[in-house]
Amino acid sequence: MARTLTRALPLAAALALPAVAAAQLTLDDIFLRGAFRFESLSGLQWRDDGQRFTYLRPNPTTRTYDLVEERVADGRRRVLIEGARLVPPGRSDPLEIEDYAFAPDGRTVLVYSESQPVWRYNTKGRYYLVDLVSGQVRPLSTRPGWQQFAKFSPDGRYVGFVRDNNLFVVDLTTGEERALTTDGSETIINGTFDWVYEEELDLRDGWRWSPDGRTIAFWQLDQSPVRPFLMLDERPLYPQPLPVRYPKAGMPNSRARIGLVDVASGRLRWTAAQVDSVSAYLARMDWTPRGDGLLVQRLNRAQDSLAVLFVDAGTGAVRTLFVETDTAWVDVDDDLVWLPDGEHFVWSSERSGANQLYLYRRDGTLVRRLTDGPPVTEVAGVDVQGWVYYVAASPTPRERQVFRIAWRGGVPQRLTQEPGVHNPLVGPSGAIVDAHSRLTEPVRLRLLDPDGRVRRVLVDNAAAAERLRRAGVRPPEFFTFRTPDGVELHGWILRPPTDSGRPHPALLYVYGGPNSQTVLDSWGGSRMLWHQYLAQRGFVIVSVDGRGTGGRGRDFTKQVAGRLGQLEARDQIAAARYVARLPGVDSSRLGLWGWSYGGYLTLLTLLQPDSPFRAGIAVAPVTDWRLYDTIYTERYLGLPAQNPEGYRQGAPLSFPERLRARLLLVHGTTDDNVHFQNSVLLVEALQRAGKSFDFLMYPHRNHSISGGTTSWHLFRELTRWLEANL
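Computed from a prediction, not measured in an experiment: that's the story for all the values here. (Residues numbered from 1 in each chain as written. Predicted model: local features only at pLDDT ≥ 70, side-chain atom pairs only at ≥ 80, totals over all residues. Heavy atoms only, no water.)

## Points about the overall build of the protein
Scanning the protein from terminus to terminus reveals 11 helices and 43 strands. Against the globule reference of 27 Å for 726 residues, the protein gives a C-alpha radius of gyration of 26 Å, in line with a compact fold. The dimensions of the protein, computed from C-alpha atoms along their principal axes, are 75 × 65 × 55 Å. The buried share of the protein, reckoned over its 726 residues, is 58%. A sequence separation of at least 24 residues applies to 56% of the contacts in the protein between residues at least 6 apart. When the 86 positive and 83 negative side-chain charges of the protein are each reduced to one mean point, those points stand 3 Å apart. (Helix = DSSP H or I, 4+ residues; strand = E, 2+ residues; numbered from the N terminus. Rg over C-alpha atoms; globule rule 2.2 N^0.38 Å. Buried < 20%, exposed > 50% of the residue type's maximum accessible area, 1.4 Å probe, protein only. Contact = heavy atoms within 4.5 Å. Lys, Arg positive; Asp, Glu negative; His and termini not counted. Charge placed at Lys NZ, Arg CZ, Asp CG, Glu CD.)

Structure below.
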């Protein structure tokens, strides 16, 4: 499907929003009633001419979503698909449009609906073809099984998709459906990915059309070397095992290779882009604009070397264009963008000490460095004139501003000015839909001209902002301080709205994982609202980004390599001591909480001999990195056999006897990411050490611990526990 802003924006607003119940926040308003949801343009996409864009708009009369097209020049809109009329044969109710794509001629829309989760995302469902002239709706395939990643061929003759780990194409003229691979199984995966490739390399859609529409390139994974990890659904009379092939640190991964299949004949050829289960990953793959080959990113197992390969489409042979290396780790490059001439591409690298952009020829020759400023966080696109649009952590690490620079060289132009975080969707002509927010201000959408001038506001969310104001939501104060060893750290603090005259307990919120940020001036969602709720109940809320976090250059982030958790824990202790000295803070009532990596870091910090924290909450924490997956863990710690001391010192399981603080441990029993096993082993270790603690378990809940009223229940219990223990 086309790139959209859906991932960068909040969920679309409900068709009718409830009023805020009172002048203060309530957990019901935040987690049950959805009182602070706000409007967005979900499914936003640019059309190929760059003069129009489309999105899904709620229709309050039919209570469905219509597909709407809007013109850049004058804002005129027209409805392309009425949601109420989107009724396929055999159904009486309309489909919900979850995603969509236009055929090359613009006359047919491929609609994705009825989706189901595969691991973290809803990547399987059903596809329907909608004729924009006649309004006819018909299923892409009537055969049984879920469909994944359906796409029109560039010539418009076919739609390809994945079903049951095999690739299929449908001839749109004849309706004939053919399988292009037939060996898909529980272990052989064609055109999509296993658990760890999806979670840690952000790969789900595993196949690509060639520019001429004649050939499909695809990943094939063989996950037979990966042992199944068994989760358990305890709810039936006889509990059911839930196997997931999950490679733990130091264990074998899936084998991977890239294949090319001729659509007309079905002839399949394997390229030389292949990796075994112990040495490397095929982390990215796409066609060159000419269609004469593929660019593949091959990442070695240690993840300190990333090779950019050219795969010849005719012979399948591989040639190395260049290699990116780092003594700590190398991140996969998602900033590889081709220029309109098809002869040059943009690449990002931290080789200078901060992530910057570089211009390469298609043969791998470096032309020049394009940027030399604050760290670049994203290449947003390239327009038809050759301007390169990008986002940088500027003017402070907590902000994201949009810039552009001419690919032939020159001075970068800053296109956005408002403090906060900007998420741009750049069209082919250079017009930009800018999604801007701040920590306590919901997203505003504006249409910008290529030079950054505001053409018009698309969504202002003034009503949502007023609801937040009436509920007493206030912006935090941003601050910096230096640790005892001289490291400058950035944070924010939210104080109670009224001064009671008594010192208040302080709760620090941490995530702290490599290249992450909680001290980011962008809309904070329900987590931020809960922190505001606690502040209204008398807590001081603080968050500090320690060493290893993002936005501050290569050395600040990568100094944690090989010693994950150790520097980060020291920084949270330094932050607590700094906060303890602030006016209005009760230095004897310091708390720490976090989720996932934040839960892990909470545990490791509480277990430091000099921890000043009275209480802590660890939600879904890693307790020993040997229990976590290969790609994430080995990127930062290496293999367990090569760095045993780094694993030991970074494991809360190594120090259960040190626990002095009050502890609440929370976990979902079917967490496929950070397994429930982590908490089970910590519970056992703490019991053996004679330690008291509290444990809250959520049956059949995954890493998000959500669904139904689960979030409301969880945050109610967290609130009660904090009030009783901090």
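## Thoughts on the side chain of His422
When you line up the elements, His422 lands in strand 32 (residues 421–426). Within the local environment of His422, its side chain forms a polar contact with the backbone oxygen of Glu418, the two atoms lying 2.9 Å apart. Here Asp434 takes part through its side chain, which lies 2.9 Å from a polar atom of the side chain of His422. Setting aside anything within four residues of it in sequence, one finds His422 in contact with Val391, Arg400, Gln401, Val402, Thr416, Asp434, Ala435, His436 and Arg446. (Polar contact = N/O pair within 3.5 Å; in protein donor to acceptor, adjacent residues only side chain to side chain.)

## Some thoughts on the pairing of strand 23 (residues 318–325)
Two elements, strand 22 (residues 305–312) and strand 23, share seven bridges in a ladder whose sense is antiparallel. Residue pairing for strand 23: Leu309 is matched across the bridge by Thr320. Between strand 22 and strand 23, which follow one another and run antiparallel, lie five residues, and Gly316 among them has a positive phi close to 80°. (Pairing = 2+ DSSP bridges.)

## Thoughts on the pattern of salt bridges
If the charged atoms of two oppositely charged side chains come close together, the side chains can form a pair. Using the criterion set out here, one finds 50 salt bridges in the structure. Residue Glu69 pairs with Arg52 through a salt bridge whose shortest N-O separation is 3.2 Å. Within this pair, whereas Glu69 is found in strand 3 (residues 64–71), its partner Arg52 is found in strand 2 (residues 52–59), the two being separated by 17 residues in sequence. A salt bridge links Arg78 to Glu69; the nearest nitrogen and oxygen atoms lie 3.0 Å apart. Glu69 sits in the buried class, given a relative accessible area of 4%. One connected set of salt bridges, linked through shared partners, spans Arg47, Asp49, Arg52, Glu69 and Arg78. (Salt bridge = Lys/Arg side-chain N within 4 Å of Asp/Glu carboxyl O.)

## Focus: the packing of helix 4 (residues 525–536) against helix 11 (residues 710–725)
The interhelical angle for the contact between helix 4 and helix 11, taken along N-to-C directions, is 35°, at an axis separation of 12 Å. Here the hand of the crossing between helix 4 and helix 11 comes out right-handed. Of the residues in helix 11, those touching helix 4 at Arg527, Trp530, Tyr533 and Leu534 are Phe715, Leu718, Thr719 and Leu722. Grouping the amino acids of the contact of helix 4 with helix 11 by side-chain chemistry returns six nonpolar, one polar and one charged. (Axes fitted to C-alpha atoms, helices over the stretch in contact; angles between N-to-C directions. Left-handed = near helix turned anticlockwise from the far one by under 90°. Nonpolar A, V, L, I, M, F, W, Y, C, P; charged D, E, K, R; others polar.)

## Focus on the sheet that holds strand 21 (residues 293–300)
Through backbone hydrogen bonds, the strands of a sheet pair up, either in parallel or in antiparallel fashion. With antiparallel pairing, four strands are arranged side by side in an open sheet as 20-21-22-23. Every other strand in the sheet has two partners, leaving strand 20 (280–287) and strand 23 as the edge strands with one partner each. Strand-to-strand twist in this sheet, taken as the mean axis angle between neighbours without regard to direction, amounts to 20°.

## Description of the side chain of Asp222
Within the secondary structure, Asp222 is located in strand 15 (residues 215–222). A residue is classified by how much of its surface remains accessible, and Asp222, at 15% relative accessible area, is buried. Here Ser224 takes part through its side chain, which lies 2.7 Å from a polar atom of the side chain of Asp222. Among the polar contacts listed, one links the side chain of Asp222 to the side chain of Arg255, at a separation of 2.8 Å. Filtering out sequence-adjacent residues up to four positions away, Asp222 remains in contact with Thr187, Ile188, Ser254 and Arg255.

## Quick look at the environment of Glu82
Along the chain, Glu82 falls in the loop between strand 4 (77–81) and strand 5 (99–102). Glu82 sits 477 residues away from Gln559 along the chain, and the two C-alpha atoms are 54 Å apart.

## Describing helix 11
If you check helix 11, its first and last C-alpha atoms are 22 Å apart, about what 16 residues at 1.5 Å a residue would give, namely 22 Å. For helix 11, the set of buried residues is Thr710, Leu714, Phe715, Leu718, Thr719, Trp721, Leu722 and Asn725. What you see down the axis of helix 11 is that its buried residues fit within an arc of 165°, all on one side. (Expected span 1.5 Å × (residues − 1). Arc of directions from axis to C-beta.)

## Points about the nonpolar core
Judged by nonpolar contacts, the single largest core of 99 residues is most densely connected at Tyr197, Leu201, Trp219, Leu294, Val542 and Trp625. Here this core takes seven residues from helix 6 (residues 566–580), the largest share from any one element. Residues contacting Leu294, with those up to four places away along its chain left out, are Ala217, Ile258, Leu260, Met285, Asp286, Trp287, Thr288, Leu309, Phe310 and Val311. In terms of nonpolar packing, the next biggest core, distinct from the first, is built from 59 residues, Phe38, Val68, Leu425 and Leu534 among them. (Core = buried A, V, L, I, M, F, W, Y, C linked by side-chain atoms within 4.5 Å.)

## Some remarks on the sheet that holds strand 11 (residues 166–171)
The antiparallel open sheet is built from four strands, whose spatial order is 9-10-11-12. Across the chains shown, the open sheet's two edge strands, defined by having one partner strand only, are strand 9 (148–152) and strand 12 (177–179). Neighbour-to-neighbour, the strand axes of the sheet open up by a mean angle of 20°, direction not taken into account.

## With respect to unusual backbone geometry
Of the consecutive residues Ser394 and Pro395, the connecting peptide bond is found in the cis state with omega at -5°. Structurally, Pro395 is set in the loop between strand 29 (387–392) and strand 30 (401–406). With a phi close to 50°, Asn461 is a non-glycine residue in the positive phi region. Tracing the sequence through the fold places Asn461 in the loop between strand 35 (454–459) and helix 3 (462–470).

## Remarks on helix 8 (residues 630–637)
Among the eight residues in helix 8, eight count as buried, and that is most of the element. Taken residue by residue, helix 8 has Thr630, Ile631, Tyr632, Thr633, Glu634, Arg635, Tyr636 and Leu637 as its buried positions. Elements that come into contact with the buried residues of helix 8 comprise helix 2 (195–201), strand 20, helix 7 (597–606) and helix 9 (644–649). The N-cap residue of helix 8 is Asp629: its side-chain oxygen and the backbone nitrogen of Ile631 are 3.1 Å apart. Gly638, located one to two residues past helix 8, shows a positive phi value of around 75°.

## Remarks on the confidence of the model for the protein
Of all residues in the protein, 97% have pLDDT values of 70 or greater, and the mean over the chain is 95. Throughout residues 1–22 the model reports pLDDT below 50, and contacts reaching past four residues in sequence, or to other chains, amount to 73 contacts. (pLDDT = per-residue confidence, 0-100.)

## Remarks on the packing of helix 6 against helix 7
A pair of packed helices can be characterised by two numbers: the angle between their axes and the separation between those axes. Their axes nearest at 9 Å, the elements helix 6 and helix 7 cross at an angle of 70°. In terms of axis orientation, helix 6 runs roughly perpendicular to helix 7. Contacts from Gln566, Glu568, Ala569, Gln572 and Ile573 in helix 6 reach Tyr597, Leu601, Leu604 and Thr605 in helix 7. The class makeup of the residues in the contact of helix 6 with helix 7 is five nonpolar, three polar and one charged. (Parallel < 35°, antiparallel > 145°, perpendicular 65-115°, else oblique.)

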